[in-house]
Amino acid sequence: MRVELADIISCENKEMSQQVEIELSSFDSRLGQFPIRTKQPFAMKFANEDGKRLLIQGETEVAIGIPCDRCLEEVSRTFSIALDKEIDLTGSNEELSMENLSYMTGTSLDVDQLIFGEILVSWPMKVLCREDCKGICKRCGANLNQAECQCQKTEPDPRMAAIQDIFNKFKEV
Ligand SMILES: [Zn+2]
Ligand SMILES: [Zn+2]
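Residues numbered from 1 in each chain as written. Chains lettered and ligands numbered in written order. Predicted model: local features only at pLDDT ≥ 70, side-chain atom pairs only at ≥ 80, totals over all residues. Heavy atoms only, no water.

K.L.:
Got a minute to help me understand the environment of Thr107 in this structure?
P.N.:
Summarising the element assignment, Thr107 is placed in the loop between strand E8 (104–105) and strand E9 (108–110). In this structure Thr107 comes out as partly exposed when scored by relative accessible area, which is 26%. Sequence separation between Thr107 and Leu5 is 102 residues; the distance between their C-alpha atoms is 5.4 Å. Once residues lying within four places of it in the same chain are set aside, the contact partners of Thr107 are Val3, Glu4, Leu5, Ala6, Ile9 and Met98. A polar side-chain atom of Thr107 sits 2.5 Å from a polar atom in the side chain of Glu4. (Helix = DSSP H or I, 4+ residues; strand = E, 2+ residues; numbered from the N terminus. Buried < 20%, exposed > 50% of the residue type's maximum accessible area, 1.4 Å probe, protein only. Contact = heavy atoms within 4.5 Å. Polar contact = N/O pair within 3.5 Å; in protein donor to acceptor, adjacent residues only side chain to side chain.)

Below you can see the structure in the form of structure tokens.
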């Protein structure tokens, strides 16, 4: 959803609160496409400070379904978003000027773009369904958290494999 900020930008010391709907239904990035499972209306606050700065604040939570790194089962990860943004209205800070913020188009704020950026910076390096996830069998693809597959039983004991290697080396000589 977009919020038009022209009024508050042009009115010194004006404040405004607004409930904003998050339209984003999935998080699409170079990491992949992940469904948004739950989201809440986003209570946002805007404040024009002496005509110099525009403050944007708000808190919300978004839960996203991310596959476990080991077994690929979907894990619901909650992202707590606490916004505290500042837009420079004087033109003295280029980085914070409206023209250079990806979530601003003119005086219109793209809330979904803003949320997207917040999720991106807190994206987890690793996602596991549980600390001791056993993952999937590399041979048959069975989820080893649910059941042991037959492949494991035929897997050679690693210690035996090492001895086998030594024997093979002797043979080669
Ligand atoms: Zn897992
Ligand atoms: Zn298997």
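K.L.:
Can you walk me through the pairing of strand E6 (residues 53–67) in this structure?
P.N.:
Looking along a regular strand, one sees the side chains alternate between the two faces of the sheet. Across three bridges, the pairing between strand E4 (residues 32–39) and E6 is antiparallel. Residue Ile36 lies in a different strand from E6, and its bridge partner there is Ile64. Looking at chain direction, strand E5 (residues 42–49) and E6 are connected through seven bridges and run antiparallel. Bridge pairing in E6 places Glu49 opposite Arg53. Where E6 lies against strand E7 (residues 74–88), 15 bridges are found, and the strand directions are antiparallel. Across the sheet, Pro67 pairs through a bridge with Glu74, a residue of E7. Linking E6 back to E7 in an antiparallel pair, the connection comprises six residues, with Leu72 at a positive phi of about 70°. (Pairing = 2+ DSSP bridges.)

K.L.:
Explain the coordination of the zinc ion (ligand 2) here, please?
P.N.:
Metal coordination angles have textbook ideals: 109.5 degrees for a tetrahedral set of four donors and 90 or 180 degrees for an octahedral set of six. Protein coordination at the zinc ion (ligand 2) comes from Cys137 (SG), Cys140 (SG), Cys149 (SG) and Cys151 (SG), with a distance range of 2.3 to 2.4 Å. Around the zinc ion (ligand 2) sit four donor atoms, and with donor-metal-donor angles ranging over 105 to 112° the site reads as tetrahedral. Each donor residue of the zinc ion (ligand 2) lies on one chain, and together they are spaced C-x2-C-x8-C-x1-C. Taken together, the residues Cys137 in the loop between helix H2 (111–121) and helix H3 (151–154) and Cys151 in helix H3 connect sequence positions 14 residues apart. When sorted by exposure, Cys137 lands in the same class as Cys151, which is buried. (Donors = N, O, S within 2.8 Å, 3.2 Å for Na, K, Ca; no water. Tetrahedral: all angles 85-135°; square planar, octahedral: opposite > 155°, others 65-115°.)

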